[in-house]
Amino acid sequence: MAKSCSTSPETHKDMLQTVLNLAKENPDAEPVKEVLSSKPEDIKLKMLKDTGAVVVYQVDVGGSTFVMKKLKKERMCDEKEREKFASETKHLIRVQSLIPQLMPSVYCWSDKNSCMAIEDISLFRSLDSNLKSGDVSRTTFTQVAETVARMHKATNAITEPELLQELEQEFQVNAETVGHFASGILRMSLDHLKQPGPLEDAAVRFLTSGQTKSAVETIVDDARNKKQALLHGRLIGKTVLFKDEQIRLSEEASFFVGPYAFDVGRLLAQYLSSYYEHMLTEENNDWHRQIMYLMIDAAKDTMDSYQAAMGDALQNQQDFISDVAAYAGLELVRRSLNSIREESKALEVLQSGIRLFNARKRIPDSGRLVVIALTLTL
């Protein structure tokens, strides 16, 4: 039976009532149960985000904090929206059960009210913001690569084939993630480019090339057959989070079973893109050069640390390198047209992505992959 819709805006009062209802449904859940012994005025709410479909609040009560995510009132009557929220909640709980301390912990949830209480990671900083500020050390890149490998190794097809078959069915809803990613890049509108020039010329040639389209179709078809591990699916700078020595991957994921290289390639592209942004900055001073060289180390360490951590679970190194180059190349193309404002920087990132993508079958090892990606266009 469909729920009735409300068109009134979400308020603190609505969220407070949701928190109270969730605590009553889960009276033993830490730290949510603190709500039951607190006065309403002692429960402090702070809105963190409104995605249009979901509102996210920080709840401070009894000296503890947690985060509430709730489907907005006007979306509650949409069965598909409710199913999507419930599915994402169950996926997060499933991953948490398999790989503890990888994602924010889910304390409790309610399918009836389309809400969940999760670990507060608002004090964590994203990899993206750390790279922009330079507040990152070389050991960080090894830790991130090993974290990704921990997820992949725990669910890989070599040692956990039965588990992976179960996960493929559970996460079937996201099975076309690679296809959506790749086709989205090919359909990318170039209308937002400021004026005709080298960036537009290079982008149009690559995106409209029959050879590119054919290669992307092959990669997508290949990805459907590479059931290697459960992937995060949105592994970019904004979804890798840090605090002190702790690392979490954001719950804003698109979990699916696919090729290791999809996660690794998109993560690698974060460092490659950051390299060009610092190298081509007009005030190219010692600080920018320091970060630029650190990004070279980041790219190398990511590949070396990930491969070492995966061990025997990574059986075909050459195939893996080729796939990483393909996905990193496509992600760089996407970034060059969507995220980078300065045309000179965008052009170098675009050219780097095209080089990697076109050379993917001819790269013998991870060291050469990094060299090709970081070669300036003459």
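Just above, that's the structure.
Residue indices begin from 1 for each chain and proceed along its sequence in written order. In keeping with the predicted nature of the model, local features appear solely for residues at pLDDT of at least 70, side-chain atom pairs appear and are counted solely at 80 or more, and the whole-chain, interface and lining totals rest on all residues. Each side-chain value is worked out from all heavy atoms of the structure, with water and hydrogens disregarded.

A.B. asks: Which residues make up the sheet that holds strand β1 (residues 44-50), and what values do they have?
C.D. replies: Pairs of strands are assigned from DSSP output, requiring at least two bridges between the strands. Elements are defined by DSSP. Helices are runs of H or I of four residues or more, strands are runs of E of two residues or more, and each kind is numbered from the N terminus. Overall, antiparallel pairing links the five strands, which are arranged β1-β2-β3-β5-β4 in an open sheet. In this open sheet, the two strands that pair with only one neighbour each are β1 and β4 (106-110). Ignoring strand direction, the axes of neighbouring strands in this sheet form an average angle of 20°. Against the sheet, helix α1 (residues 12-25) engages β1, β2 (54-61), β3 (64-71), β4 and β5 (115-118), with an angle of about 105° to β3. Each axis is a line fitted through C-alpha atoms, taken for helices only over the stretch in contact, and angles between the N-to-C directions span 0 to 180 degrees. Contacts between residues were defined by any pair of non-hydrogen atoms, one from each residue, lying within 4.5 Å.

A.B. asks: Residue-level account of the pattern of salt bridges, with values.
C.D. replies: Counted as salt bridges are all cases of a side-chain nitrogen of Lys or Arg within 4 Å of a carboxyl oxygen of Asp or Glu. Throughout the structure, instances matching the rule amount to 27 salt bridges. A salt bridge links Lys-132 to Asp-128, with the shortest nitrogen-to-oxygen separation between them at 3.5 Å. Taken together, the positions of Lys-132 and Asp-128, both in helix α3 (residues 127-133) and four residues apart, correspond to about one turn of that helix. The buried label applies to any residue whose accessible area, calculated with a 1.4 Å probe on protein chains only, is under 20% of its type's maximum; exposed applies above 50%, and partly exposed to all values in between. Taking the relative accessible area as the measure of exposure, Lys-132 reaches 57% and is therefore exposed. Note on Asp-128: relative accessible area 13%, which makes it buried. Residues Asp-323 and Lys-226 are paired through a salt bridge, measuring 2.4 Å at the closest nitrogen-oxygen approach.

A.B. asks: For the packing of aromatic side chains, give the residues involved together with the corresponding values.
C.D. replies: A pair of aromatic rings is counted whenever rings of Phe, Tyr or Trp (Trp by its six-membered ring) have centres within 6.5 Å, and the orientation is called stacked for planes under 30 degrees apart, edge-to-face for over 60 and tilted otherwise. On inspection of all chains with the given rule, the structure shows eight aromatic pairs. When the ring of Phe-141 is compared with that of Tyr-271, the centres are 5.1 Å apart and the planes differ by 75°; the resulting orientation is edge-to-face. You can see Phe-141 sitting in helix α4 (residues 138-154) and its partner Tyr-271 sitting in helix α9 (residues 260-279), a full 130 residues away along the chain. In this structure Tyr-271 comes out as buried when scored by relative accessible area, which is 0%. Plain terms: the ring middles of Phe-262 and Tyr-327 are 5.3 Å apart, the flat faces sit at 85° to each other, and that makes the pair edge-to-face. Taken together, the residues Phe-262 in helix α9 and Tyr-327 in helix α11 (residues 317-338) connect sequence positions 65 residues apart. Comparing Phe-262 with Tyr-327, the two get one shared label, buried. One aromatic cluster is present, built from ring pairs that chain together Phe-181, Phe-256, Phe-262 and Tyr-327. Cation placement over rings: the criterion is NZ of Lys or CZ of Arg within 6 Å of the ring centroid and within 35° of the ring normal. Across from the ring centre of Phe-357, 4.4 Å away, lies the NZ or CZ of Arg-360, which sits over that ring.

A.B. asks: Go over the nonpolar core with me, naming the residues and quoting the values.
C.D. replies: Taken as a class, soluble globular proteins show a tendency for nonpolar side chains to be buried jointly. Of all hydrophobic cores here, the largest spans 103 residues; its most connected members are Val-240, Tyr-271, Met-295, Tyr-306, Phe-320 and Leu-356. Setting aside its immediate chain neighbours within four residues, Leu-356 contacts Leu-272, Ala-325, Ala-328, Gly-329, Leu-332, Ile-363, Leu-369, Ile-372 and Ala-373. What we call a nonpolar core is a set of buried Ala, Val, Leu, Ile, Met, Phe, Trp, Tyr and Cys residues that are connected through their side-chain atoms within 4.5 Å. Core analysis: the second largest hydrophobic core is formed by 19 residues, Ala-23, Val-32, Tyr-57 and Val-61 among them.

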